[in-house]
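Tertiary structure, described
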Amino acid sequence: MPSSSAYDISSLLEAFPHSVMILDESFQIVTMNRLMEAMTGYAARTVLGVHGELVVRSNTGNSRGQIYIEVIKTGEAVSVKGDILTYYRRKVPIQLTVSALKSAQGMIRGLMVVIEDISASENIKGAEVHNKQTAELIGYSPKMQKVFDMIPILGQTDASVLITGETGTGKDKVAEILHKKSGRARFPFVKINCGALPLDLLESELFGHTKGAFTGATRNKPGMFKLADKGTLFLTEIGDMPLPLQVKLLSVLDDRQFVPVGGEDKISVDVRIIAATHRSLRDQVRKGQFREDLYYRLHVLHLHIPPLREREGDVQYLLDHFLQKYAKALGKTIVGFAPNALQHVLNYSYPGNVRELSNIVEYAVNMCKKKKVNTEQLPPYLLENERNAPLSGSPEEQSSSDPQEEILPKVTPLDNGGRQNWEDIERQMIIDTLKQTRGNKTKASQVLGWGRMTLWRKMQKYEL
Amino acid sequence: MRKLLVPIQGDYVAPRFDLATEILILRFEKGTKDGDPRTIILERPSDEALCQMVVEEHVTDLICGGIDEVHYNFLVWKKVNVMDAVIGSWRQAVEKVLNGELKQGEILSDKSDNLRL
């Protein structure tokens, strides 16, 4: 590689957020950025012309430059996890990515080695506790606990996942977390709403098009499948996908290949599919609106996010969370809800689930000028609905003679004084359940949807 | 009489102590080799096994590439003179040790194309 081009790219490399070095065709170091100097402990000027492997001393299977040779041979980038030993005798967990540097004529002229320090994520993995919450997903109810338990398992497989749940339950968030917890985490997470675009546009968005494929196609477009290569493609509102496209999607899932709109050559991709819908796909299949074969193809793993009305006790916790979040964002010092207002927000059924709850709290925080949110500062429709007809998301609740009783969380007794924190609620929940099961901890843990150890730990915590 | 151990890879000092599968042992005294160096092929790479070998063989000097803090400290505690983070040809490194010139972290400038990694 000519030294002049190395000089040109040196400043470019400084803009990279990771450690980067450039090797020539014989794998000797041409240049490296400051982050690479910091990572390896060697100053760039001292190691120019040294074989890359001798400086980036990794255990990633690059002995005798095997990875470098593979990239030179195939032209395909290779990415592997491992660690490096630095000059300062530290072992640092890394993700090593080696890609080919090609000339304008397509000749491989060298390699780019990128090192990402993954020690932070590795530490988190080691200390991860799933009994509370995962990333930005919040909930303590037994049903959400089951979701949290499922997430790491689903994250580790490569099979398609179907996420179902009412609108506003957090399907998108769960999909993103699944991606982040998978081996594909460092590759793209691409989301597309299958219900938001007309058939032709959706096809072009998903599979891309070639120049001249249709009027206005003035250039080649890669499409979401190509953009998500090696990563995850999240198809939200899959139930609204037009039938003709469902055939093409099924074919991609089976063959991992597709032809862009107006194209001739097949493109191979390695993409994990996560699909989500608020509809019942089984009903859609029955009505002939969704292909049965695609349904079974997507339904390899299924995760159902419960609606908020079924998440006992989580409303209180989410109210606290969003109140703090919005109060902080708006620079207000709101400490909570006044008893009356709290009664209203706890009794509401939240057909729009967490999204609606978040919006209600945001409205209240905006309106509130005191330390506590009063009834007057809640959205008027909330009080209106409570006075008139109860809102509920499920037919079961609509048929209930007294929906408010159904909706009220079983174990959120309000003290007369005002707010209770979650610990009090959870403690009461355990006591109630133990009473029900006459002190049988095994049965109580089953009722609560926890493991026996979780129940035991919580009993210790609450000194029961 | 001093005893030098160098984990090697091809013509180079092995980049990592814990991944080396070939080692070179050499006796020397006052800058002069005492006999031919021995090379030993290890069954599998292991920093623990190498440390044990250093102790059992009464090695006094070690040249290596990357080594982690724990094993470095252990060897220093065992009074081994460890010159780590050395990059370059092991022959050149050995020569420099014999002459008392090799320094920790030294990058040996022999960039001969004939060297095999």
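Residues numbered from 1 in each chain as written. Chains lettered and ligands numbered in written order. Predicted model: local features only at pLDDT ≥ 70, side-chain atom pairs only at ≥ 80, totals over all residues.

1. A word on the nonpolar core
- Core analysis: the largest hydrophobic core is formed by 65 residues, its most contacted members being A:Ile163, A:Phe225, A:Leu233, A:Ile274 and A:Leu357.
- Structurally, this core is a two-domain feature, drawing no fewer than three residues from each of domain 2 (142–304) and domain 3 (311–417) of chain A.
- Those residues in contact with A:Leu357 that sit more than four places away from it in its chain are A:Leu308, A:Val315, A:Leu318, A:Phe322 and A:Tyr350.
- Of all hydrophobic cores here, the second largest spans 62 residues; its members include A:Met32, A:Val71, A:Ile84 and B:Cys51. (Core = buried A, V, L, I, M, F, W, Y, C linked by C-beta atoms within 7 Å. Buried ≥ 20, exposed ≤ 12 C-beta atoms within 10 Å, placed from the backbone. Domains from an automatic or database assignment. Contact = placed C-beta atoms within 7 Å.)

2. Points about the packing of helix α9 (residues 199–207) of chain A against helix α11 (residues 243–255) of chain A
All names here are of chain A.
- Contact pair α9 / α11: the axes reach a minimum separation of 10 Å and the direction vectors enclose 15°. By the angle class used here, α9 and α11 are roughly parallel. In this structure, the crossing between α9 and α11 has a hand that is right-handed. Packed against α9, whose contacting residues are Leu199, Leu202, Glu203 and Phe207, the element α11 presents Pro244, Leu245 and Lys248 at the interface.
- Looking at side-chain class alone, the contact of α9 with α11 contains 5 nonpolar, no polar and 2 charged residues. (Axes fitted to C-alpha atoms, helices over the stretch in contact; angles between N-to-C directions. Helix = DSSP H or I, 4+ residues; strand = E, 2+ residues; numbered from the N terminus. Parallel < 35°, antiparallel > 145°, perpendicular 65-115°, else oblique. Left-handed = near helix turned anticlockwise from the far one by under 90°. Nonpolar A, V, L, I, M, F, W, Y, C, P; charged D, E, K, R; others polar.)

3. Digging into the sheet that holds strand β12 (residues 301–304) of chain A
Residues and elements named next belong to chain A.
- Taken together, the 5 strands give an open sheet; going across it, the order is β7-β8-β11-β6-β12, and neighbouring strands pair in parallel fashion. The sheet is open, and its two borders are formed by β7 (189–193) and β12, each paired with just one other strand. Taking the axes of each pair of neighbouring strands and ignoring which way they run, one obtains an average angle of 20° across the sheet.
- Across 5 bridges, the pairing between β7 and strand β8 (residues 232–236) is parallel. Bridge pairing in β8 links valine 190 to leucine 233. (Pairing = 2+ DSSP bridges.)

4. Looking at the environment of A:Ile115
Residue and element names in this part refer to chain A.
- Secondary-structure assignment places isoleucine 115 in strand β5 (residues 108–117).
- Taking the number of C-beta atoms within 10 Å as the measure of exposure, isoleucine 115 has 24 and is therefore buried.
- Distance from isoleucine 115 to leucine 35, taken between C-alpha atoms, is 9.2 Å for residues 80 residues apart in sequence.
- Excluding its chain neighbours within four sequence positions, the residues that come into contact with isoleucine 115 are His18, Ser19, Met36, Met39, Val56, Ile84, Ile94 and Leu96.

5. Examining the confidence of the model for chain B
Residues and elements named next belong to chain B.
- Put simply, chain B has an average pLDDT of 91, and 97% of its residues get 70 or more.
- Here strand β4 (residues 32–33) stands out as the least confident element of chain B, with mean pLDDT 91; strand β6 (residues 61–63) is the most confident, with 96.
- Here the predicted complex carries an ipTM of 0.94, next to a pTM of 0.48. (pLDDT = per-residue confidence, 0-100.)

6. Quick word on the sheet that holds strand β4 (residues 91–102) of chain A
Residue and element names in this part refer to chain A.
- Overall, antiparallel pairing links the 5 strands, which are arranged β2-β1-β5-β4-β3 in an open sheet. Since the sheet does not close on itself, it has two edges, and those belong to β2 (29–32) and β3 (78–85), each with one partner. For this sheet, the mean angle separating the axes of adjacent strands, direction not counted, is 25°.
- Note: β3 against β4, 8 bridges, orientation antiparallel. Each bridged residue has a counterpart across the sheet, and for isoleucine 84 the counterpart in β4 is valine 92.

7. Focus on the environment of B:Thr21
All names here are of chain B.
- The topology assignment puts threonine 21 in the loop between β2 (12–13) and β3 (22–29).
- When the 16 C-beta atoms within 10 Å are taken as the criterion, threonine 21 is described as partly exposed.
- Along the sequence, threonine 21 and proline 45 sit 24 residues apart, while their C-alpha atoms lie 5.1 Å from each other.
- If we skip the residues at most four places from it in the chain, threonine 21 touches Ile41, Leu42 and Pro45.

8. Some thoughts on unusual backbone geometry
- Despite not being glycine, A:Arg438 has its phi angle at roughly 55°, a positive value.
- Counting through the fold element by element, A:Arg438 comes out in the loop between α20 (422–436) and α21 (441–448).
- In this structure, B:His58 takes a positive phi of about 55° despite not being glycine.
- Relative to the helices and strands, B:His58 resides in the loop between α1 (47–56) and β6.

9. A few points about the environment of A:Ile274
Residue and element names in this part refer to chain A.
- With respect to the helices and strands, isoleucine 274 occurs in strand β11 (residues 272–277).
- Its 28 C-beta neighbours within 10 Å are what place isoleucine 274 among the buried residues.
- Expressed as a C-alpha distance, the spacing of isoleucine 274 and isoleucine 238, which sit 36 residues apart in the sequence, is 9.7 Å.
- Excluding its chain neighbours within four sequence positions, the residues that come into contact with isoleucine 274 are Val161, Ile163, Ala175, Leu178, Thr232 and Phe234.

10. Describing helix α2 (residues 69–77) of chain B
Residue and element names in this part refer to chain B.
- Turning to α2, its buried residues number three or more, namely His71, Tyr72 and Leu75. Projection of α2 onto a plane perpendicular to its axis shows the buried side chains occupying an angular sector of 105°, all on one side. Exposed positions of α2 whose direction lies more than 90 degrees from the buried face are Glu69, Val70, Val76 and Trp77.
- Buried positions along α2 lie against α1, β6 and β7 (81–83).
- Immediately beyond the C-terminal end of α2, within one or two residues, lies lysine 79, with a positive phi of roughly 65°. (Arc of directions from axis to C-beta.)

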